[in-house]
Amino acid sequence: MTPTQTLLGIESSCDDTAAAVVRGAPGDMHVLSSVVFGQAELHADFGGVVPEIAARAHAERLDVSIAAALEQADLGLDQIDAIAVTCGPGLIGGVVSGVMMAKGLSAATGLPLYGVNHLAGHALTPRLTDGVAFPYLMLLVSGGHCQFLIAHGPDKFERLGGTIDDAPGEAFDKVARLLGLGQPGGPAIEAISAHGNAVRFAFPRPLANKPGCDLSFSGLKTAVLRARDDLVAAQEGLHASDQADLAASFQAAVRDSLVGKSARALEAYLALNPHQPMFCVAGGVAANMAIRAGLEAVSSDLSVRFLAPPLSLCTDNAAMIAAAGIEQMAVRGPDGMALSARPRMPLDTERAGMLGSGKKGAKA
Ligand code: KG4
Ligand code: ZN
């Protein structure tokens, strides 16, 4: 039996500085503390995350986050068994800040150091929350990523498909910006959509008729931009009701795309794993209730159990990194001082990166 481990997790790959302590063994873990310092206010004036500002804020806040996580868990570093840190993919300045902090702690204490793929943290969240057994189908849907994965093990993921351009969270953020809403865009769009007419604008559901489970969101974003510009030109401005209707129609299009492709991914998954009918979602966009409801409905149609994490474990956090560290400790040795920070870090290393997912190649 795998012994119980207590891990300190560190996350700084985008705009959340996070630290957490998680205790347990693979598939049977609980969160002792989880601290997240968001940076939304630092980036608010710029309409998006500014990498240099993010990196500086991480460098300033990592030690405070770690101290708070240890204090809330009521533990000292001498009661920790290992350190897990996000080593990619992400904004490199932030990832480097986290990795350097973790290396410093490891060097000072002698604790083993594990580098964790941020995406594995999201993808293994169902193991932390519910001890879900492998394999399961995972839709990882966040600000930077969108992919269907079969989770075979703590470090074995098979990608069935994903976005060929923007991630849905990125589309939520961009559409919020062009509607004059605040950032992050997802919660802002979800809130205003509650008052909007989701069928007023017939936005596209890109790649709906293409076989497979790849997705695309950049054309949808452009369609919202055109509809907004047409309204502004016709009536010299945007009424609050137009804003709500555009947001609701956009959210419905994202939901339908994700739900349609989830049906395809589930069919492919079930053909391979008929005895494990389990579909999980993770990542920031999984916080969206309309999208959750759609995914739940398609799962129920196919007699598949559906699981979505609590909101605090959907968006970026360090508990998922510590938990992934516990999972990976059981199957491999530590990375130690050889660990390097990586801006790009695919989960499924057997497949070529997704096309168009970044100017310099595949992000994941
Ligand atoms: O997983 P996450 O915290 O960071 C990444 O790894 O990307 O996801 C952040 C993304 C942002 O784009 C944000 O707009 C989106 O998740 N998001 C949402 C909601 N809450 C956060 N999107 C739609 N609806 C939400 N309620
Ligand atoms: Zn994330």
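These numbers were taken from a predicted model, which means no experiment stands behind them.

Draft legend 1. Fine view of the sheet that holds strand E10 (residues 305-307). Pairing is mixed in the open sheet, where five strands are placed in the order E8-E7-E6-E9-E10. Across the chains shown, the open sheet's two edge strands, defined by having one partner strand only, are strand E8 (156-162) and E10. Here the average twist between neighbouring strands, direction ignored, is 25°. Both strand E6 (residues 136-141) and strand E7 (residues 146-153) contribute to a ladder of six bridges, which runs antiparallel. Within E7, the position partnered with Leu139 by the bridge is Phe148.

Draft legend 2. Representation of the pattern of salt bridges. The final tally for this structure, using the stated rule, is 11 salt bridges. We note a salt bridge from Asp166 to Lys174, for which the minimum N-O separation is 3.6 Å. Salt-bridge contacts for Asp242 lead to Arg200; the nearest nitrogen and oxygen are separated by 2.9 Å. Of the two residues, Asp242 is situated in helix H9 (residues 240-272) and Arg200 in the loop between helix H7 (185-193) and helix H8 (218-235); the sequence distance between them amounts to 42 residues.

Draft legend 3. Here's a closer look at the packing of aromatic side chains. The full count for this structure, using the stated rule, is four aromatic pairs. Here the aromatic rings of Phe172 and Phe250 are separated by 5.1 Å at their centres, their planes lie at 80°, and the arrangement is edge-to-face. Taken together, the residues Phe172 in helix H6 (residues 168-178) and Phe250 in helix H9 connect sequence positions 78 residues apart. Among the residues examined, Phe172 registers a relative accessible area of 2% and is labelled buried. A relative accessible area of 0% places Phe250 in the buried class. Taking 5.8 Å as the distance between ring centres and 55° as the angle between the ring planes, the aromatic pair formed by Phe279 and Phe306 counts as tilted. In this pair, Phe279 is assigned in strand E9 (residues 278-282) and Phe306 in strand E10, connecting sequence segments 27 residues apart. Assigned by exposure class, Phe279 and Phe306 land together as buried.

Draft legend 4. Highlighting the coordination of the zinc ion (ligand 2). Coordination of the zinc ion (ligand 2) by the protein involves His118 (NE2), His122 (NE2) and Asp316 (OD), with metal-donor separations of 2.0 to 2.2 Å. Considering all four donor atoms around the zinc ion (ligand 2), angles at the metal cover 94 to 148° and the coordination shape is irregular. Mapped onto the polypeptide sequence, the residues donating to the zinc ion (ligand 2) form the spacing pattern H-x3-H-x193-D. Separated by 194 residues along the polypeptide, His122 in helix H4 (residues 118-123) and Asp316 in the loop between helix H11 (311-314) and helix H12 (319-329) bring together distant segments of the chain. Each member of the pair His122 and Asp316 is classed as buried.

Draft legend 5. Highlighting the side chain of Thr86. Position of Thr86 relative to the elements: it lies in strand E4 (residues 82-88). Its relative accessible area of 1% is what places Thr86 among the buried residues. At a separation of 2.5 Å, a polar atom in the side chain of Thr86 contacts the side chain of Glu11. Apart from residues lying up to four places away in sequence, Thr86 is in contact with Ile10, Glu11, Ser13, Val95, Val99, Val116, His118 and Ile321.

Draft legend 6. Region of the structure containing the side chain of Asp16. Turning to its location among the elements, Asp16 is positioned in strand E2 (residues 16-25). One buried charge, Asp16, has no salt-bridge partner; the nearest side chain with opposite charge is Arg61, at 7.8 Å.

Draft legend 7. Spotlight on the site of ligand 1. Close to ligand 1 lie 21 residues, the nearest being Gly143, Asp173, Glu190, Gly284 and Asp316. Between ligand 1 and the protein, one listed contact pairs an oxygen atom with a backbone N or O atom of Gly144 at 3.2 Å. A distance of 3.1 Å is found between an oxygen atom of ligand 1 and a backbone nitrogen or oxygen belonging to Gly169. For ligand 1, the accessible surface in isolation is 550 Å², of which the surrounding protein chains cover 91%. Looking at the shell around ligand 1, the elements with two or more residues in it are H4, H6 and H7. Broken down by element, the shell around ligand 1 gets its largest block of residues, four residues, from H7.

Procedures and definitions
Residues numbered from 1 in each chain as written. Chains lettered and ligands numbered in written order. Predicted model: local features only at pLDDT ≥ 70, side-chain atom pairs only at ≥ 80, totals over all residues. Heavy atoms only, no water. Pairing = 2+ DSSP bridges. Helix = DSSP H or I, 4+ residues; strand = E, 2+ residues; numbered from the N terminus. Axes fitted to C-alpha atoms, helices over the stretch in contact; angles between N-to-C directions. Salt bridge = Lys/Arg side-chain N within 4 Å of Asp/Glu carboxyl O. Phe/Tyr/Trp six-rings, centres within 6.5 Å; stacked < 30°, edge-to-face > 60°. Buried < 20%, exposed > 50% of the residue type's maximum accessible area, 1.4 Å probe, protein only. Donors = N, O, S within 2.8 Å, 3.2 Å for Na, K, Ca; no water. Tetrahedral: all angles 85-135°; square planar, octahedral: opposite > 155°, others 65-115°. Polar contact = N/O pair within 3.5 Å; in protein donor to acceptor, adjacent residues only side chain to side chain. Contact = heavy atoms within 4.5 Å. Lys, Arg positive; Asp, Glu negative; His and termini not counted. Near = heavy atom within 4 Å. Areas by Shrake-Rupley, 256 points an atom, 1.4 Å probe, with all protein chains shown as cover.

Purely spatial values, then, with no claim about function.
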